[in-house]
Amino acid sequence: MNSHDKVEALRPKSIVYFDNITSDHTDHAKELSDKKSMGNKVLGTFCIYVPEEIALAAGAMTIALCGGTQISIPHAESIFPRDICPLIKSTLGLLFGEMCPYFPIVDMAVGETTCDGKKKAWEALTSLKPVYVMEVPHKKERIDKQLWLEEVKLFKEKMEELSGKTITFENLMKSVKVINRKRQVLAEMHGFRKNFVIPISGKDALLVTQAALFDDPERFILKAGILNKELKNRLDKKIKIFPDSAKRIMIAGCPTVVPNMKIHRLVETLGSAVVCDETCTGYRYYANLVDENASNLDELLKNIAERYMQINCSCFTPNQERIQQVIDLVREYQVDGVIQYILQYCHGYNMEAVKLEQELKRLKIPTLKLEADYSEEDIGQLKVRVEALLEILD
Ligand code: BJ8
């Protein structure tokens, strides 16, 4: 049995739940549809900047609609330019090509002003659904934070209007606690990857994070708690799924949307382990909690706004916090090498990669930038480059 087969054979038993939730979308859409018939609204989202605490307080269910599949891209390319990022193309292809089982039950899509491609995608989407756009500022100065707080308050009002429910201090605090708990269980799961005995593969950790983006939060907390117990047990018994020679790799940059896991698959097929994801399908999603120390609705909304302003997306300038965050994570997760994962045509992460690479090289941390789309055509070339990085680490 080669090392990759061993990793596959030693998948945690409780991962089955996450396999199902990230693959059986028809069943999950039916579940949401049933809840919707009981009066709950469904929100389609595309970015981790949308405060799910507020949606939950209004009784709405959020579902991440970002596309990670190549299948829908030809349809998007028949309408939109080819030279936009695969995440946007895949998403638009799924929605315009009527391939997304969730979209028909979505009451409102929530876009955001992060990158240019997305901003224009929301305009196109208005022909299919009501779309609400949150303005994410691109700097983090006082005035930007004020604007963002106003945006958070406007989103609360929009959710009240959509749901017909009033968001109170009490119901918002309840939602904050639920979503904080969800981020905590995720952080605990990712935390196991800091150890030399790595009890879960990078592919599986990614799957679990992906599930957090559209599963019912309370059920997710329960299922992730069961997984965490299993992983803790593995640590206690020193059950490791990677060989001692496995190099510890961080993926930094663009989100990795399932089923597109090709970089994780490549690294782990070559006998190394992805131990940290500095992406929105990893650390950026679960890091930082909303401060529960608030005594009224205004204070709580302020705390929510502050938590979200700590996300370091490349749409911000300057974005030194993200560079520092990568360095801190390299140390925390005892990373041997960093792969910057850039989706083709993502100018924000691609430009920022230059600065990050300079900083990593200054600190003598081996790094590699991979630009990729969702197709399988570049696998051979990507493999050669990953092999070259792993050789340096030997
Ligand atoms: S907070 S990373 S989820 S915007 S990869 S569509 S940036 S061209 S997804 Fe993102 Fe929110 Fe930022 Fe995170 Fe544009 Fe780049 Fe494509 Fe991207």
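How each quantity is defined
Residues numbered from 1 in each chain as written. Predicted model: local features only at pLDDT ≥ 70, side-chain atom pairs only at ≥ 80, totals over all residues. Heavy atoms only, no water. Pairing = 2+ DSSP bridges. Helix = DSSP H or I, 4+ residues; strand = E, 2+ residues; numbered from the N terminus. Axes fitted to C-alpha atoms, helices over the stretch in contact; angles between N-to-C directions. Contact = heavy atoms within 4.5 Å. Salt bridge = Lys/Arg side-chain N within 4 Å of Asp/Glu carboxyl O. Buried < 20%, exposed > 50% of the residue type's maximum accessible area, 1.4 Å probe, protein only. Right-handed = clockwise from strand over helix to strand, strands pointing away. Near = heavy atom within 4 Å. Nonpolar A, V, L, I, M, F, W, Y, C, P; charged D, E, K, R; others polar. Parallel < 35°, antiparallel > 145°, perpendicular 65-115°, else oblique. Left-handed = near helix turned anticlockwise from the far one by under 90°. Phe/Tyr/Trp six-rings, centres within 6.5 Å; stacked < 30°, edge-to-face > 60°.

Engineer: Help me understand the sheet that holds strand β1 (residues 42-45) in this model?
Structural biologist: Paired through backbone hydrogen bonds, the strands of a sheet run either parallel or antiparallel to each other. If you walk across this open sheet you meet the four strands as β2-β1-β3-β4, and the pairing is parallel. Bordering the open sheet on either side are β2 (61-64) and β4 (131-134), each of which pairs with just one other strand. Going across the sheet, the axis of each strand differs from the next one's by a mean of 30°, ignoring polarity. Lying on the sheet, helix α7 (residues 116-125) is in contact with β3 (108-112) and β4; it crosses β3 at an angle near 155°.

Engineer: So what exactly am I meant to see when it comes to the pattern of salt bridges here?
Structural biologist: It is possible for side chains bearing opposite charge to pair when their charged atoms get close. This structure, assessed with the given rule, holds 33 salt bridges. In this structure, Glu112 and Lys118 form a salt bridge, with 3.0 Å as the shortest nitrogen-oxygen distance. Through salt bridges that share partners, Glu52, Glu53, Lys182 and Arg183 make up one connected network.

Engineer: Quick question: what am I supposed to make of the pairing of strand β7 (residues 337-343) here?
Structural biologist: Looking down a regular strand, the side chains alternate between one sheet face and the other. The element β7 is largely enclosed, with a buried count of seven among its seven residues. Side chains Gly337, Ile339, Tyr341 and Leu343 of β7 all project onto a buried face; the interleaved residues Val338, Gln340 and Ile342 project onto the opposite face, where all are buried too. Bridging between strand β5 (residues 248-253) and β7 involves five bridges; their strand directions are parallel. Considered in β7, the bridge of Gly253 is made with Tyr341. Alignment of β7 against strand β8 (residues 367-372), held across six bridges, turns out to be parallel. Note on β8: the bridge partner recorded for Ile339 is Leu368. Each parallel crossover has a hand, and for β7 linked through helix α16 (residues 347-362) to β8 it is right-handed.

Engineer: What am I meant to see in the site of the ligand here?
Structural biologist: Contacts to the ligand come from 15 residues, most closely from Cys47, Cys115, Cys280, Cys313 and Cys346. Considering only residue class, the shell around the ligand consists of 13 nonpolar, one polar and one charged.

Engineer: Can you help me understand the sheet that holds β8 in this one?
Structural biologist: Here we have four strands laid out as an open sheet, ordered β6-β5-β7-β8, and parallel in their pairing. Each of the sheet's edge strands pairs with one partner strand only, and the pair in question is β6 (273-278) and β8. If you compare each strand with its neighbour and ignore which way they point, the axes differ by 25° on average. Taken strand by strand, helix α17 (residues 379-393) contacts β5, β7 and β8, and its axis lies near 170° from that of β8.

Engineer: Looking at this model, I keep getting lost on the packing of helix α8 (residues 142-163) against helix α14 (residues 297-309). Mind explaining?
Structural biologist: How two helices sit against one another is set out by the angle between their axes and by the gap between those axes. Close contact between α8 and α14 brings their axes to 9 Å; oriented N to C, the two are set at 120°. Judged on the interaxial angle alone, α14 and α8 are oblique. Crossing hand, α8 versus α14: right-handed. Along its contact with α8, which presents Lys145, Trp148, Leu149, Val152, Lys153 and Lys156, the element α14 presents Leu297, Asp298, Leu301, Lys302, Ile304, Ala305, Tyr308 and Met309. Partitioning the contact of α8 with α14 into residue classes produces nine nonpolar, no polar and five charged.

Engineer: Help me understand the packing of aromatic side chains in this model?
Structural biologist: Enumeration over the complete set of coordinates arrives at nine aromatic pairs. Ring geometry for Tyr102 versus Phe214: centroids 6.2 Å apart, planes at 45°, classification tilted. Of this pair, Tyr102 sits in the loop between α6 (86-96) and β3 while Phe214 is found in the loop between α10 (202-212) and α11 (217-236), placing the two residues 112 residues apart along the sequence. Each member of the pair, Tyr102 as well as Phe214, is classed as buried. Taken together through their ring pairs, the aromatic side chains of Tyr17, Phe18 and Phe220 make up a single cluster.

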